[in-house]
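This is what each chain is made of:
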Amino acid sequence: MRFHCLQHMPEEGPGHAADWLAAHGHSLTFTRLFEPNPMFPAMDNFDGLLILGGAMSVHDEENLPWLRAEKVFIQEVLRTGKVTLAICLGAQLVAQALGGEVRPNPDPEIGFWTVRFSVKSLEHPLLRGWPEKAAVLHWHMDTFTVPPGAMRVGMSAGCATQGFVWGDGIIGLQFHPEMTVPMVEKLMEFEGHETAEEQEFVQTAAQIRAKMKSVWKGRKLLESLLANLVAVHEGDIAALAG
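Residues numbered from 1 in each chain as written. Predicted model: local features only at pLDDT ≥ 70, side-chain atom pairs only at ≥ 80, totals over all residues. Heavy atoms only, no water.

Per an unreviewed UniProt entry, the chain goes by Amidotransferase and derives from Hymenobacter frigidus.

### Here we look at the sheet that holds strand 6 (residues 133-144)
Backbone-to-backbone hydrogen bonds join strands into a sheet, with any given pair of strands oriented parallel or antiparallel. Spatial strand order, 6-5-8: 3 strands in an open sheet with antiparallel pairing. With one partner strand each, in any of the chains shown, strand 6 and strand 8 (154-156) form the two edges of the open sheet. The mean inter-strand angle of the sheet, taken between neighbouring strand axes irrespective of direction, is 45°. With 3 bridges joining them, strand 5 (residues 102-117) and strand 8 adopt antiparallel strand pairing. Its bridge partner lying in strand 8, R116 is registered against M155. (Pairing = 2+ DSSP bridges. Helix = DSSP H or I, 4+ residues; strand = E, 2+ residues; numbered from the N terminus. Axes fitted to C-alpha atoms, helices over the stretch in contact; angles between N-to-C directions.)

### Focus: the environment of T145
Here T145 lies in the loop between strand 6 and strand 7 (151-152). Once residues lying within four places of it in the same chain are set aside, the contact partners of T145 are A95, G100, E101 and R103. Among the polar contacts made by the side chain of T145, one reaches the main-chain amide nitrogen of E101 at a distance of 2.8 Å. (Contact = heavy atoms within 4.5 Å. Polar contact = N/O pair within 3.5 Å; in protein donor to acceptor, adjacent residues only side chain to side chain.)

### A few points about the sheet that holds strand 10 (residues 170-173)
Sheet architecture is open: 7 strands sit in the order 2-1-3-4-10-9-7, paired in mixed fashion. Of all strands in the sheet, those with a lone pairing partner are strand 2 (27-32) and strand 7, marking the two edges. For strand 4 (residues 83-87) and strand 10, the ladder comprises 4 bridges, and the chain directions are parallel. Along strand 10, the bridge assignment pairs T84 with I170. Its contacts with the sheet put helix 3 (residues 89-97) on strand 3 (48-51), strand 4, strand 9 (163-166) and strand 10, and the angle it makes with strand 4 is roughly 125°. Relative to strand 4, helix 6 (residues 215-234) is tilted by about 155°, and along the sheet it contacts strand 1 (2-7), strand 4 and strand 10.

### Observations concerning the nonpolar core
Within the largest apolar cluster, 32 residues are counted, with the highest numbers of intra-cluster contacts made by L85, F117, L127, W130, I171, F175 and L225. Those elements that provide at least two residues to this core are strand 1, helix 1 (16-23), strand 4, strand 5, strand 6, strand 10 and helix 6. At 6 residues, helix 6 tops the list of elements feeding residues into this core. Dropping the residues within four chain positions of it, F117 is found in contact with L122, W130, P131, E132, K133, A134, V153, G154, F175 and L221. By size, the runner-up hydrophobic cluster in this structure holds 27 residues, among which are L89, A91, A150 and I170. (Core = buried A, V, L, I, M, F, W, Y, C linked by side-chain atoms within 4.5 Å. Buried < 20%, exposed > 50% of the residue type's maximum accessible area, 1.4 Å probe, protein only.)

### Quick look at the layout of surface pockets
Considering only enclosed or pocket space, the largest pocket measures out at about 230 Å³ in volume. Along its surface, the largest pocket is lined by 15 residues, and G54, A55, W139, H140 and M141 are the ones closest to its centre. Only helix 3 and strand 6 provide two or more residues apiece to the lining of the largest pocket. Considering every element that reaches the lining of the largest pocket, the biggest residue donor is strand 6, with 4 residues. Its residues placed into classes, the lining of the largest pocket shows 7 nonpolar, 5 polar and 3 charged. (1 Å grid on protein atoms, 1.4 Å probe; cavity = no way out; pocket = protein on both sides within 12 Å on 5 of 7 lines; lining within 4 Å. Points joined across faces, edges and corners; volume = space filled by probe spheres on them. Nonpolar A, V, L, I, M, F, W, Y, C, P; charged D, E, K, R; others polar.)

### A closer look at the environment of I170
Within the secondary structure, I170 is located in strand 10. Residue classification places I170 among the buried residues on the basis of a relative accessible area of 4%. When the C-alpha atoms of I170 and L78 are compared, they prove to be 8.3 Å apart, with 92 residues separating the residues in sequence. Apart from residues lying up to four places away in sequence, I170 is in contact with L78, K82, T84, V94, L126, F164 and V165.

Next comes the structure, spelled out in structure tokens:
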């Protein structure tokens, strides 16, 4: 299967997703939006879309004109019905494209916090094999409302909407299951988090490092999700049932 990735920042790459796709014989191409003159592929040149996070907002079009072109591309992908996995900023972009609202979260949510997944969402084909809850990495200031026609995936103490599924093959996640340990370290360095003080839903750098083994919980969720996305694309109902 041919996946294409929209990457917004050098520090936020596909991480565990790239590892899984390579190990299972799937290709991964990129539009790196932080590079000059980013180009988007034609619809017939890829099968599934991966949209990553970033420090910018979906509302930053005046300062980041490429956001307009990216939003047009995402709308076209959604119209074609390609399987899509969108993470953090990516999920906010897809939520907005589907009619949801993106706005500041009541509090920043940074660190490893537990997400509880709804019983109904766990029945969705894309979430087959997921547990009822998992401690996963969060790093966001904004959030989104569940788009019309979509289903909420779960919630945490600090954020009421941790994701959504729309149709059979489109999912947005507010948290970061793709992050590897080196990626988390680079993100803390980029954000200047070494001197950050503890807040209600913000862990210090030391607290994040103490919980770093939880990246493997995110990796397990991601690997299961990617396998389910491939099965949906291939129409493999037997694989989803199993």
